[in-house]
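These are the residues of each chain, in order.
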Number of protein chains: 2
Amino acid sequence: MITNRGRADSPVRRQNPVRFYNAPNTRKDKHVRVVPLGGLEEVGRNMMYLEYYEPGSSYHGDIIIIDMGLQFPEDNMPGIDYIIPNVASLIPKRHKIKGVIITHAHYDHIGGIPHLMPRLGRNIPLFGTDLTLAIIKKRQDDNSPGAPLNLKEVDNKSKIKLGPFQLEFYGISHNIPASVGVIVTTPVGIIVHTGDFKLDLKSDIAGKTDIEKIKTLGKRNVLLLMSDSTNAREAGSQFSEKDITVEIETIVKDAKGRLIFGTFASLLGRLNEIIQLAEKHKKKVVIEGYSMKTNIEIAVRLGYMKFNKKTIIPVQEAPNYPPHKVIILATGAQGEDNAVLMRIVDKRHKYLRIQPSDTVVFSSSVIPGNERSVQHLTDKLYRDGAEVINYKMLDIHAGGHAKQEDLKLMINLTRPRYLMPIEGNHAFLKIHGKIAKQTGMKDNQLIFADNGQVVEAYKTEVKLTKERVPANYVMVDGLGVGDMQEVVLRDRQALAEDGIFVVIAAVDSTTGKVKGSPDIISRGFIYLRESKQLLYEARQLTLKIIEETTANMHPVNWEYVKDTLKERLGQYLFTKTEKRPMVLSVMIEV
Amino acid sequence: MITNRGRADSPVRRQNPVRFYNAPNTRKDKHVRVVPLGGLEEVGRNMMYLEYYEPGSSYHGDIIIIDMGLQFPEDNMPGIDYIIPNVASLIPKRHKIKGVIITHAHYDHIGGIPHLMPRLGRNIPLFGTDLTLAIIKKRQDDNSPGAPLNLKEVDNKSKIKLGPFQLEFYGISHNIPASVGVIVTTPVGIIVHTGDFKLDLKSDIAGKTDIEKIKTLGKRNVLLLMSDSTNAREAGSQFSEKDITVEIETIVKDAKGRLIFGTFASLLGRLNEIIQLAEKHKKKVVIEGYSMKTNIEIAVRLGYMKFNKKTIIPVQEAPNYPPHKVIILATGAQGEDNAVLMRIVDKRHKYLRIQPSDTVVFSSSVIPGNERSVQHLTDKLYRDGAEVINYKMLDIHAGGHAKQEDLKLMINLTRPRYLMPIEGNHAFLKIHGKIAKQTGMKDNQLIFADNGQVVEAYKTEVKLTKERVPANYVMVDGLGVGDMQEVVLRDRQALAEDGIFVVIAAVDSTTGKVKGSPDIISRGFIYLRESKQLLYEARQLTLKIIEETTANMHPVNWEYVKDTLKERLGQYLFTKTEKRPMVLSVMIEV
């Protein structure tokens, strides 16, 4: 049995109703406004800002931003490239923004930068570790050459003062090196933002967890911990990269033919492990995919990856080696149409074809929306005779995020007075809250905010307010960015469903008589060549409706005629086809 | 990190290239042509036919059909209701169709009946068990009243002769009662079609496995086994319904408030178990959803479900009982927009709202394409304070299909000379083949066919041929059915991506001069109100292009003008917006 897939709701309805309360801050005590702009109702589009409130103080109104990510669009957003946070609430205050802190170089944390920094001010300093900044810079140079950002490198020893906020960083494991958590000392207390994290005490190949520094937080009286909920649904502890290396080694060692890893360009920890293992087992590695190549180049340059240069060979040289000596790292673990793996399988790749002795290893965790593409990719691989291994450890999320036991450990180490789960769907945040209660935290210590919902952090209390700033989706579509996309998107959804039907009539502006026969153009509705009768009847109906509505009307109200035409033609078409195309009418007065 | 979802391929490209070989049957020996029309490259749309070949015999050309299912559309098929098999190869031979056998009453086995039976001949006898036929009849009466089918009831003791084919049936467990496997004795040997199955020897609540009859097949020299591959990727053995009942009982017993099961209307075995458990624990059951109600009524009428009538209460009476005494069975396990569960959560249901003490139990196995809808549903449930249990056993596929050990057991019991894996994506079929090799079968005993690919079964050999009959998707869209939908679908995909841009100019047919200013209508492209400059420039460009192209052209070739306009306007719009709307131009000659 199979069942119908739910019609995805409109993105507008899906989000919470946006109510803008410009509630006065009745309490006069100084506090920090914590304003999440994204990442609290989804995985992606992570961005928040902290705003200091102390009228009379020279710091009053000072702002820092943490992360500036993007989110990839949902099924019901045809043609949309991606979604970025809404910064409308920051625009009037942009002169107060003291800096932007980026926790690590994944798109859901850096992807909004090229769009948002020009709006907020390109000179605002942007802080990150060396690798994070190098990846941001590369992306900026590729996409907006000549528009440099004001990049400021930090490391785990840095201490930075931005208005009332003092910043420190601690190293953390994720699946890209040089990831950090952020410690913000504010006049009301310490706020910790974990970024994406796991607590890997056995390996630092994908970022070193600075466990000693995290432990010291337990003695520093942390007011608020904002902690990653991506894997809050998973019981137990996350794997160490060391365990993962052992598993990948089995695959590398046992491969009887070529080994093709379909993976992610930004999964630098995992890519590093595979290259190390190739070297150990005397195999050669081909790297395919522009972003993967550039990311690896950057990581090598900064010392985050170290290997013998001879291990990497150009794709053209692969046939010179026995198949079992060749490993190919390719983008496309999610069945993306233009990634390397799909181009190989579809025989569109210039050099590579699947061979029956190949083993293809790719992620078994598929990002929602990609399942069918991945299944079709898998089917094609089996059709070509390849062996396929679905390996969860190659997933972008598997292995990189704290699971339930890790989340508890983070709480127990930092001992915050309040916990605000971040980075995940609402369900994940709530589950994170349940986990926290197992450590002894009480309901009144847990803050579950929505995107745009303002949280106020006082010395004695952190509280969720009813104030909301705009945090709806801002869609990027070609060169267009903005809220106004929503009406366009609704039209696209309607067009996609049943197409468009346009009737065009040349009318005498004085008599209202139609000249000649109305023209009809239609796309995406029905197959016109087989619908001559329907088109004929629609033309006749158009003539009749125009004649009837204009009969005793002087002067002719053409808007009324057009509306009547749309409505009655729409009804006619539905009766005949059970479809509701978008009906438009154009009257050309001649 | 998140990554872009792959652009889904065109459904046309996704399928294998259709090559029609009308290869002569070079071998003159009598044989059975096994022709799968669907279900071998997907989960769904199950249908095949067997055609007897023996020139000179009175049976030559006789045909039986097994199953007639539908498939729900993929992401890239906007507006399509569902997909049915292509019966083009059967149309010229429809007078030779002796009967249609339906293995069980799930949509992927019965859904094509209302569309295909009228094309093939409504009088062709349609065989199924009592429950299967009752559900088919109900659906036919609801959708096509006054168009009865020629239904013929069978049971596990039936023996039917249809031309050269002798049919027997054996009972099998699935997750709907009265499911059968089909034993077809042909002049060349026995062909077994398992339908959907699991081998449940501990319970017959969801269909009784007639293991003794299956065992006898081992001695009957089965030529070809066609066996369900849906769960071929799963190691181990499938759960017994008995184990599943034990697990569900814990949930029913422990619920402190109302218990809401989001499930499937056709999952009659599981629904039966829940109602039995409610009765045992003295709870009342509300059944919500038209199809669920009617299916349960049919099952009760035919004796497949037995319970005290007082256990079921109308939804309006639920508030009269303490919450922990109430169980609600609701459709909507997959986040479908109009199913009961979504209507409750969205506060669109007339009587039911989520309460913080509710426990909502639904399937953790989400059908590809539904993941986001289900996640949004889950988020809303958490937001309303409900407890959510994701329970794999409530899935429509979990629990109903043979896993790897069961598949081996089926092969070992029936001992076929050839195995043809059916019902699943190509990858599943290949994995099923690997499993078969673990029982000792050889590569040359395994048949991996594509949809439409003809398999020939001779007394001594079963072989895959290169002959292919049409088996492409036939899309049902409102009242339209047919191949011609593909061009319409491509237009919808294009419209969905970047919208439409229509320019309309009234021109003097003799001079070629444009009268007045061209009209522009556009939808789904950009927000017109904010694009006045672009529209102005597009109008000017239109005037310029028409003037240039018509300047020295006598008479004016308006097709050429229109094509030039489309191309150059398209280029202009792309330069300005990086979008490629569908550009159409209409010249009204006045």
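The structure presented is a predicted model; accordingly, all values stated were derived computationally and were not measured.

Peer 1: Please set out the overall build of chain A residue by residue, giving values where relevant.
Peer 2: Helix and strand counts for chain A come out as 15 helices and 25 strands. Relative to its 590 residues, chain A shows a buried fraction of 64%. Working note: accessible area of chain A is about 22,500 Å², and carbon and sulfur atoms make up 50% of it. In chain A, the 82 positive side-chain charges and the 69 negative ones have mean positions that sit 3 Å from each other.

Peer 1: Tell me what's going on with the sheet that holds strand β14 (residues 284-288) of chain A, and back it up with residues and numbers.
Peer 2: All names here are of chain A. The parallel open sheet is built from 5 strands, whose spatial order is β14-β15-β13-β16-β17. The open sheet has two edge strands, β14 and β17 (387-390), and neither has a second partner. On average, each strand axis in the sheet is inclined to that of its neighbour by 20 degrees, with strand direction left out of account. As defined by bridge partners, strand β13 (residues 259-263) adjoins strand β16 (residues 359-362) across 4 bridges and the pair is classed as parallel. Across the sheet, the residue bridging to isoleucine 260 is valine 360, located in β16. In this fold helix α6 (residues 241-254) packs onto β13, β15 (326-331), β16 and β17, with an angle of close to 145 degrees to the strand it touches most, β13.

Peer 1: Can you lay out the sheet that holds strand β23 (residues 500-507) of chain B for me, pointing to particular residues and giving the numbers?
Peer 2: Residue and element names in this part refer to chain B. Spatially, 3 strands are ordered β24-β23-β25 in an open sheet, and the strand pairing comes out mixed. The sheet is open, and its two borders are formed by β24 (514-523) and β25 (582-589), each paired with just one other strand. Ignoring which end each strand starts from, the neighbouring axes of this sheet average 15 degrees apart. Both β23 and β25 contribute to a ladder of 8 bridges, which runs parallel. Residue pairing for β25: isoleucine 500 is matched across the bridge by methionine 582. Running at roughly 130 degrees to β24, helix α14 (residues 532-550) makes contact with β23, β24 and β25 of the sheet. Strand contacts of helix α15 (residues 558-577): β23 and β25, with the helix running at about 145 degrees to β25, the strand carrying the most contacts.

Peer 1: Requested: an account of the pattern of salt bridges, with residues and values cited.
Peer 2: Residues and elements named next belong to chain A. Summed over the entire model, instances satisfying the criterion amount to 64 salt bridges over all chains. For aspartate 200, the salt bridge identified is with lysine 198, shortest N-O distance 3.8 Å. The network of salt bridges with shared partners includes Lys198, Asp200, Glu241, Arg270 and Glu273.

Peer 1: Could you give an account of the packing of aromatic side chains, with specific residues and numbers?
Peer 2: Scanning the model with the defined rule gives 4 aromatic pairs over all chains in all. Taken together, a centroid distance of 6.4 Å and an interplanar angle of 80 degrees make the contact between Phe72(A) and Tyr82(A) edge-to-face. One end of the pair, Phe72(A), is in the loop between β3 (63-66) and β4 (82-84); the other, Tyr82(A), is in strand β4, and 10 residues separate them in sequence. The burial state of Phe72(A) is the same as that of Tyr82(A); both residues are buried. Centroid distance Phe501(A) to Phe525(A): 5.8 Å. Interplanar angle 85 degrees. Geometry classified as edge-to-face. One end of the pair, Phe501(A), is in strand β23 (residues 500-507); the other, Phe525(A), is in the loop between β24 (514-523) and α14 (532-550), and 24 residues separate them in sequence. The exposure classification of Phe501(A) matches that of Phe525(A), with both residues buried. Taking NZ or CZ as reference, Lys430(A) lies 5.7 Å from the ring centre of Phe448(A), over its face. Its end group placed over the ring of Phe574(B), Arg580(B) keeps NZ or CZ at 3.7 Å from the ring centre.

Peer 1: Any details on the packing of helix α12 (residues 426-437) of chain A against helix α10 (residues 371-383) of chain B? Residues and values, ideally.
Peer 2: The geometry of α12(A) relative to α10(B) is characterised by a closest axis approach of 7 Å and an angle of 45 degrees between their N-to-C directions. The pairing of α12(A) with α10(B) is recorded here as oblique in orientation. Listed contacts from α10(B) to His426(A), Ala427(A), Phe428(A), Lys430(A), Ile431(A) and Lys434(A) of α12(A) are Gln375(B), Thr378(B), Asp379(B), Tyr382(B) and Arg383(B). Looking at the contact of α12(A) with α10(B) residue by residue, the class counts come to 4 nonpolar, 3 polar and 4 charged.

Peer 1: Can you tell me about the environment of Arg94(A), naming the residues and giving the values?
Peer 2: Residues and elements named next belong to chain A. Its place among the elements puts arginine 94 in the loop between β4 and β5 (97-101). Look at arginine 94 and you get partly exposed, because its relative accessible area is 40%. In sequence terms arginine 94 and threonine 245 are 151 residues apart; their C-alpha atoms lie 45 Å from each other. Excluding residues within four positions of it along the chain, arginine 94 makes contact with Arg119, Leu120 and Ile124.

Peer 1: Describe the environment of Lys198(B), naming the residues involved and giving the relevant values.
Peer 2: All names here are of chain B. Mapped onto the secondary structure, lysine 198 falls in the loop between β11 (189-193) and α5 (211-217). Judged by relative accessible area, which is 1%, lysine 198 ranks as buried. Along the chain, lysine 198 and glutamate 241 lie 43 residues apart, while their C-alpha atoms are 10 Å from each other. A polar atom in the side chain of lysine 198 sits 2.9 Å from the side chain of glutamate 241.

Peer 1: Describe the environment of Glu497(B), listing the residues and the values that go with them.
Peer 2: Residues and elements named next belong to chain B. Structurally, glutamate 497 is set in helix α13 (residues 485-498). Taking relative accessible area as the criterion, glutamate 497 reaches 26% and is therefore assigned partly exposed. The spacing of glutamate 497 and leucine 151 is 346 residues in sequence and 46 Å in space, taken between C-alpha atoms.

Peer 1: With reference to specific residues and values, describe helix α7 (residues 268-280) of chain B.
Peer 2: Residue and element names in this part refer to chain B. Here α7 spans 18 Å end to end across 13 residues, near enough to the 18 Å set by a 1.5 Å rise per residue. Counting buried positions along α7 yields 10 of 13 residues, so the element is predominantly enclosed. Residues Leu268, Gly269, Arg270, Leu271, Asn272, Glu273, Ile274, Ile275, Leu277 and Ala278 constitute the buried set of α7. The inward-facing, buried residues of α7 abut α4 (130-143), α6 (241-254), β13 (259-263), β14 (284-288), α8 (290-301) and β15 (326-331). At the C-terminal side of α7, lysine 282 shows a positive phi close to 55 degrees.

Peer 1: Outline the side chain of Lys283(B), listing residues and values.
Peer 2: Residues and elements named next belong to chain B. Mapping lysine 283 onto the fold places it in the loop between α7 and β14. There is no salt bridge for the buried lysine 283, and the closest opposite charge comes from aspartate 254, which lies 8.2 Å off by N-O distance. A distance of 2.7 Å separates a polar side-chain atom of lysine 283 from the backbone oxygen of valine 252. In contact with lysine 283, not counting residues within four places along its chain, are Val252, Lys253, Ala255, Ala278, Thr311, His324, Lys325 and Ile327.

Peer 1: Lay out α6(B) in plain terms, naming residues and giving numbers.
Peer 2: Residues and elements named next belong to chain B. Here α6 is 14 residues long and its end C-alpha atoms lie 20 Å apart, about the 20 Å a rise of 1.5 Å per residue gives. Along α6, the residues classified as buried are Glu241, Ile244, Ile248, Glu249, Ile251 and Val252. The arc enclosing the buried residues of α6, seen along the axis, measures out at 165 degrees, which places them on a common side. Structural note: α6 exposes Val246 and Lys253 on the side pointing more than 90 degrees away from its buried face. Two or three places before lysine 242, at the start of α6, stands the capping residue serine 240, its side-chain oxygen 2.9 Å from that residue's backbone nitrogen.

Peer 1: Explain the packing of α7(B) against α8(B) residue by residue, including any values.
Peer 2: Residues and elements named next belong to chain B. Where α7 contacts α8, the axes come no closer than 11 Å and their chain directions differ by 80 degrees. By the angle between their axes, α7 is roughly perpendicular relative to α8. On α8, the residues that touch Leu268, Leu271 and Ile275 of α7 are Met292, Asn295, Ile296 and Ala299. Per-class residue counts for the contact of α7 with α8 are 6 nonpolar, 1 polar and no charged.

Peer 1: Residues and numbers for the side chain of Glu423(A), please.
Peer 2: As for its placement among the helices and strands, Glu423(A) is situated in the loop between β18 (418-422) and α12. Setting aside chain neighbours within four positions, we find Glu423(A) in contact with Gly39(A), Leu40(A), Glu42(A), Asn46(A), His109(A), His193(A), Gly195(A), Asp196(A), Asp228(A), Ser229(A), Thr230(A) and Leu429(A).

Rules used in this analysis
Residues numbered from 1 in each chain as written. Chains lettered and ligands numbered in written order. Predicted model: local features only at pLDDT ≥ 70, side-chain atom pairs only at ≥ 80, totals over all residues. Heavy atoms only, no water. Helix = DSSP H or I, 4+ residues; strand = E, 2+ residues; numbered from the N terminus. Buried < 20%, exposed > 50% of the residue type's maximum accessible area, 1.4 Å probe, protein only. Areas by Shrake-Rupley, 256 points an atom, 1.4 Å probe, with all protein chains shown as cover. Lys, Arg positive; Asp, Glu negative; His and termini not counted. Charge placed at Lys NZ, Arg CZ, Asp CG, Glu CD. Pairing = 2+ DSSP bridges. Axes fitted to C-alpha atoms, helices over the stretch in contact; angles between N-to-C directions. Contact = heavy atoms within 4.5 Å. Salt bridge = Lys/Arg side-chain N within 4 Å of Asp/Glu carboxyl O. Phe/Tyr/Trp six-rings, centres within 6.5 Å; stacked < 30°, edge-to-face > 60°. Lys NZ or Arg CZ within 6 Å of the ring centre and 35° of its normal. Parallel < 35°, antiparallel > 145°, perpendicular 65-115°, else oblique. Nonpolar A, V, L, I, M, F, W, Y, C, P; charged D, E, K, R; others polar. Polar contact = N/O pair within 3.5 Å; in protein donor to acceptor, adjacent residues only side chain to side chain. Expected span 1.5 Å × (residues − 1). Arc of directions from axis to C-beta.

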